[in-house]
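Coordinates in review
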Amino acid sequence: MARLTPGPRATARPALWRWGVLALAGLYFLVPLGASVVFSVDVPGRGVTFDAYTRILGTGGFTSSLFLSLELAAATIGIVLLLMVPAMVALRLGAPRLRPVVEIICSLPLVVPPIAFVAGLGTVLKWGPEHLSRTPLFQTFVAVQNPDFPFVLVLAYVVMALPFVYRALDAGLRAMDVRTLVEAARSCGAGWPQALVRAVLPNLRGALLNASFLTLALVLGEFTVAQLLGFQPFAVWIVNISGSQAQLSVAVSVLSLLVTWLLLLALAGVGGRTRPTSRG
């Protein structure tokens, strides 16, 4: 029997549906954003003015808080990937039965409310200096709470990013045969670290990029933990500077979205670069 092939109308309908859904999604995101931009620049009686944005950029603390958030994000991404990538690869190679246990542990930050999490963290930070003042650990508690670079926020963000990083890495590892790659690298004389870096990580590039995206967005938008611990990264600075002025508040929100998108695009551009292949 001859096989029936779909006609041009049948193939065009799914494409039209895809474009229609994409257009609706774009309108859903772009229309409120456009209305916010118009509201922030259209001043009654004065016309279009960008005073709200110039006031934000000229306010003290903008550059320092933004760079602090970027430093916290870079440290968080580095630490969480350094912890999770070897653990996930070892889990898949040596102990696949422990995967449900690790998944539950990494999902716990989604269950614990941020208020409860920061309350426990604040209690530990207060208890340490009081009971460990005569030990070398006292300086450690002081150092992690340095306002110039509060490393305690990095530790908190690493815990909060575990569910997202786990899901991204797990999806990437499921899409490739890790055991075959590692065994092939080992048979060529590579050690375990070299096999991980040269055989696994290049094939895990998309998952690493997705995990970095999610962690960067988390750090830039996190407010509760930083505010309650008394630090001022970019998200806390945005809330403090917005005040009760409507146009300034909307301008701050638009600016924060723009900064986040630009950083994500920059990270995607860096991650999307491919090394030129050398020809012999």
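Counting starts from 1 at the beginning of each chain's written sequence and moves along it residue by residue. Local features in this predicted model are restricted to residues whose pLDDT is 70 or higher, and side-chain atom pairs enter the listing and the counts only when it is 80 or higher, whereas totals over whole chains, interfaces and linings include all residues. Side-chain figures throughout are based on the complete set of non-hydrogen atoms in the structure, without hydrogens or water.

Time to look at the environment of Asn146. Numbering goes from the N terminus for both helices and strands, where a helix is a DSSP run of H or I of at least four residues and a strand is a run of E of at least two. Note on placement: Asn146 falls in the loop between α6 (137-143) and α7 (151-174). With a 1.4 Å probe rolled over the protein chains alone, any residue whose accessible area is under 20% of its type maximum counts as buried; one over 50% counts as exposed, and the rest are partly exposed. Of the residues examined, Asn146 reaches a relative accessible area of 31% and is grouped as partly exposed. Note: C-alpha distance between Asn146 and Phe231 (85 residues apart in sequence) is 9.4 Å.

Another point: a nonpolar patch on the surface. On the surface, Leu98, Val101, Ile104, Ile105 and Leu108 cluster together to form a nonpolar patch covering roughly 470 Å² of accessible area. Within the secondary structure, Ile105 is located in helix α4 (residues 99-111). Like charges within 9 Å and nonpolar side chains (Val, Leu, Ile, Met, Phe, Trp, Tyr) within 5 Å are joined into patches, using only residues over 30% in relative accessible area that form no salt bridge. Using a 1.4 Å probe, accessible areas were evaluated by the Shrake-Rupley method; residue-level cover was limited to the displayed protein chains. For this analysis, a salt bridge means a side-chain nitrogen from Lys or Arg found within 4 Å of a carboxyl oxygen belonging to Asp or Glu.

To continue, consider the packing of aromatic side chains. Only the six-membered ring of Trp is used, alongside the rings of Phe and Tyr, when aromatic pairs are assigned; centres must lie within 6.5 Å, and planes under 30 degrees apart are stacked while those over 60 apart are edge-to-face, with the rest tilted. Scanning all chains against the criterion turns up five aromatic pairs. A ring pair is formed by Tyr28 and Phe29, whose centres lie 5.3 Å apart and whose planes are at 90°; its orientation type is edge-to-face. Summarising the burial analysis for this pair, Tyr28 and Phe29 share the class exposed. Seen in terms of ring centroids, Phe234 and Trp237 are 6.0 Å apart; in terms of plane orientation they differ by 15°. Their pairing is stacked.

Turning our eyes to something else, we now look at the nonpolar core. Core analysis: the largest hydrophobic core is formed by 50 residues, its most contacted members being Met84 and Leu169. Of all the secondary structure elements, the ones that give two or more residues to this core are α3 (62-94), α5 (114-131), α7, α8 (178-187), α9 (192-200), α10 (205-221) and α11 (224-229). Looking at which element gives the most residues to this core, the answer is α7, with 14 residues. Pairs of residues are marked as contacts when any of their non-hydrogen atoms sit within 4.5 Å. The residues touching Met84, leaving out its near neighbours within four places in the chain, are Cys106, Leu162, Val165, Tyr166 and Leu169. Residue types Ala, Val, Leu, Ile, Met, Phe, Trp, Tyr and Cys, when buried and joined through side-chain atoms within 4.5 Å, form a set referred to as a nonpolar core.

This part covers the packing of α4 against α7. To define axes, lines are fitted to C-alpha atoms, for helices over the stretch in contact only, and angles between the resulting N-to-C directions are given on a 0 to 180 degree scale. Contact pair α4 / α7: the axes reach a minimum separation of 6 Å and the direction vectors enclose 140°. Classified by the angle their axes make, α4 and α7 are oblique. α4 and α7 meet at a crossing whose hand is left-handed. Each of Arg99, Val102, Glu103, Cys106, Ser107, Pro109 and Leu110 in α4 lies in contact with α7, whose residues at this interface are Val159, Met160, Leu162, Pro163, Phe164, Tyr166, Arg167, Asp170 and Arg174. Along the lines of polarity and charge, the residues of the contact of α4 with α7 split into ten nonpolar, one polar and five charged. What sets the label is the angle itself: under 35 degrees gives roughly parallel, over 145 gives roughly antiparallel, 65 to 115 gives roughly perpendicular, and the rest give oblique. With the far helix as reference, a near helix turned anticlockwise by less than a right angle produces a left-handed crossing, and one turned clockwise produces a right-handed crossing. Each residue is assigned to one of three groups, with Ala, Val, Leu, Ile, Met, Phe, Trp, Tyr, Cys and Pro labelled nonpolar, Asp, Glu, Lys and Arg labelled charged, and all others, Gly among them, labelled polar.

The next subject is the side chain of Thr76. Mapped onto the secondary structure, Thr76 falls in helix α3. Residue Thr76 is classed as buried on the basis of its relative accessible area, which comes to 0%. If sequence neighbours within four positions are ignored, Thr76 has contacts with Val154, Tyr157, Val158, Thr215 and Val219.

With that settled, consider the pattern of salt bridges. In total, this model carries four salt bridges according to the counting rule given. A salt bridge links Glu103 to Arg167; the nearest nitrogen and oxygen atoms lie 2.8 Å apart. Here the residue Glu103 occupies a position in helix α4, and Arg167 occupies one in helix α7, the gap between them amounting to 64 residues. In this structure Arg167 comes out as partly exposed when scored by relative accessible area, which is 46%. A salt bridge links Arg174 to Asp170, with the nearest nitrogen and oxygen atoms 3.0 Å apart. Residue Arg174 and its partner Asp170 are both found in helix α7; the two are separated by four residues, about one turn of the helix. Salt bridges sharing partners connect three or more residues here, namely Arg99, Glu103, Arg167, Asp170 and Arg174.

Take it as geometry only, folks, not as evidence of what the structure does.
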